[in-house]
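Structural features, examined
So the chains spell out like this:
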Amino acid sequence: LKSSGGQAAALAGASGLFLLFTHWGWVNPPDWAIQGLVFLLLLTTFLALVALGSATLKLAPVHKWAIAWFNTRARQREIEAYIPYLTEREQNILGYLLKYNQKVFTAETDGGYAVTLISRGLVVRVMRPGQQASAFDVPFAVPDYVWDVLAKNKDKIVYRPRMKGTTEVHPWRVPSGF
């Protein structure tokens, strides 16, 4: 049973062909041989089908895609359920990003006031391997699946701009005390 899928398919084909020859009357084997050929045909056909299925899943890993899709949907439901519990500061950050249709922003290394959003996975660091960034300007982003939930629920996210004079301040920036 250590044959490859191709070998199993070839053996199944040969068994089926021999049984077809028996049906047509070209060969006349004993009954025990016919029973053995039927068993061999079934066994090798199923082995070939399993090998074909395995090769198909290696080429197109549908099961991995399905698991990723289900996990993303579950994560989106969690995010949607969390929206009523957003703090005022979290709402201001997400509201600002929604207002300006901005998925990416820069903040201090620790994320500034966005640290709670980072810890919940609503905001993630987006740097390439080897990319350099200033400690005060590290790129962060809202993942697409999170953005979809936020955009759908933007009316539930209250934005109150923080002003410094007449200038709107980025809500994730912690004011410097220098």
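Concerning the packing of helix H3 (residues 62-82) against helix H6 (residues 144-152)
Direction vectors running N to C along H3 and H6 enclose 40°, while the axes themselves pass 10 Å from each other. The angle between H3 and H6 places the two elements in the oblique class. Note that H3 runs across H6; the crossing there is right-handed. Each of Thr-72, Arg-75, Gln-76, Ile-79 and Glu-80 in H3 lies in contact with H6, whose residues at this interface are Tyr-145, Val-146, Asp-148, Val-149 and Lys-152. Among the residues making up the contact of H3 with H6, the classes are represented as four nonpolar, two polar and four charged.

Here's the deal with the nonpolar core
Ranked by internal contacts, the top residues of the largest apolar core, which has 25 residues, are Leu-86, Leu-97, Phe-105 and Trp-172. With five residues, the single largest contributor to this core is helix H4 (residues 88-99). If near-sequence neighbours (up to four positions away) are discounted, Phe-105 is found in contact with Leu-97, Ala-114, Val-123, Val-138, Pro-139, Phe-140 and Trp-172.

A short note on helix H2 (residues 31-59)
When the terminal C-alpha atoms of H2 are compared, their 42 Å separation across 29 residues agrees well with the 42 Å that a helix rising 1.5 Å per residue should span. When H2 is considered as a whole, its buried residues turn out to be Ala-33, Leu-37, Thr-44 and Ala-48. On its buried face, H2 is in contact with helix H1 (5-24).

Quick notes on the side chain of Thr-44
Mapped onto the fold, Thr-44 is located in helix H2. The buried category is assigned to Thr-44, whose relative accessible area is 3%. Setting aside anything within four residues of it in sequence, one finds Thr-44 in contact with Ala-8, Leu-11 and Ala-12.

Quick notes on the layout of surface pockets
If a probe the size of a water molecule is rolled over the atoms, the empty space left behind becomes visible. What the largest pocket holds in volume is close to 160 Å³. Along its surface, the largest pocket is lined by Glu-108, Arg-162, Lys-164, Val-169, Arg-173, Val-174, Pro-175 and Ser-176.

What about the sheet that holds strand S3 (residues 138-141)?
Taken in spatial order, the three strands of this open sheet run S1-S3-S2, and their pairing is antiparallel. The outermost strands of the open sheet, each flanked by one partner alone, are strand S1 (104-107) and strand S2 (124-125).

Let's talk about the side chain of Asn-153
Residue position: Asn-153 is located in the loop between H6 and strand S4 (162-164). Here Asn-153 falls in the buried class, since its relative accessible area comes to 3%. Setting aside residues no more than four positions away along its own chain, Asn-153 makes contact with Glu-80 and Ile-83.

With respect to unusual backbone geometry
For Asn-101, which is not glycine, the phi torsion reads 50° and is therefore positive. Mapping Asn-101 onto the fold places it in the loop between H4 and S1.

Quick notes on the packing of H4 against H6
Contact pair H4 / H6: the axes reach a minimum separation of 11 Å and the direction vectors enclose 90°. Taken together, the axes of H4 and H6 are roughly perpendicular relative to one another. Residues Leu-94, Leu-97 and Leu-98 of H4 touch H6, and the partners they reach there are Trp-147, Leu-150 and Ala-151. Tallied by class, the residues present in the contact of H4 with H6 amount to six nonpolar, no polar and no charged.

Here we look at H4
With twelve residues, H4 extends 16 Å between its outermost C-alpha atoms, agreeing within 8% with the 16 Å of an ideal straight helix rising 1.5 Å per residue. Taking burial as the measure, the twelve residues of H4 include nine buried ones, the bulk of the element. The inward-facing, buried residues of H4 abut H3, S1, helix H5 (115-119), H6 and strand S5 (167-169). Note on H4: the residue one or two positions beyond its end, Asn-101, has a positive phi of about 50°.

The rules we used
- Residues numbered from 1 in each chain as written.
- Predicted model: local features only at pLDDT ≥ 70, side-chain atom pairs only at ≥ 80, totals over all residues.
- Heavy atoms only, no water.
- Axes fitted to C-alpha atoms, helices over the stretch in contact; angles between N-to-C directions.
- Helix = DSSP H or I, 4+ residues; strand = E, 2+ residues; numbered from the N terminus.
- Parallel < 35°, antiparallel > 145°, perpendicular 65-115°, else oblique.
- Left-handed = near helix turned anticlockwise from the far one by under 90°.
- Contact = heavy atoms within 4.5 Å.
- Nonpolar A, V, L, I, M, F, W, Y, C, P; charged D, E, K, R; others polar.
- Core = buried A, V, L, I, M, F, W, Y, C linked by side-chain atoms within 4.5 Å.
- Buried < 20%, exposed > 50% of the residue type's maximum accessible area, 1.4 Å probe, protein only.
- Expected span 1.5 Å × (residues − 1).
- 1 Å grid on protein atoms, 1.4 Å probe; cavity = no way out; pocket = protein on both sides within 12 Å on 5 of 7 lines; lining within 4 Å.
- Points joined across faces, edges and corners; volume = space filled by probe spheres on them.
- Pairing = 2+ DSSP bridges.

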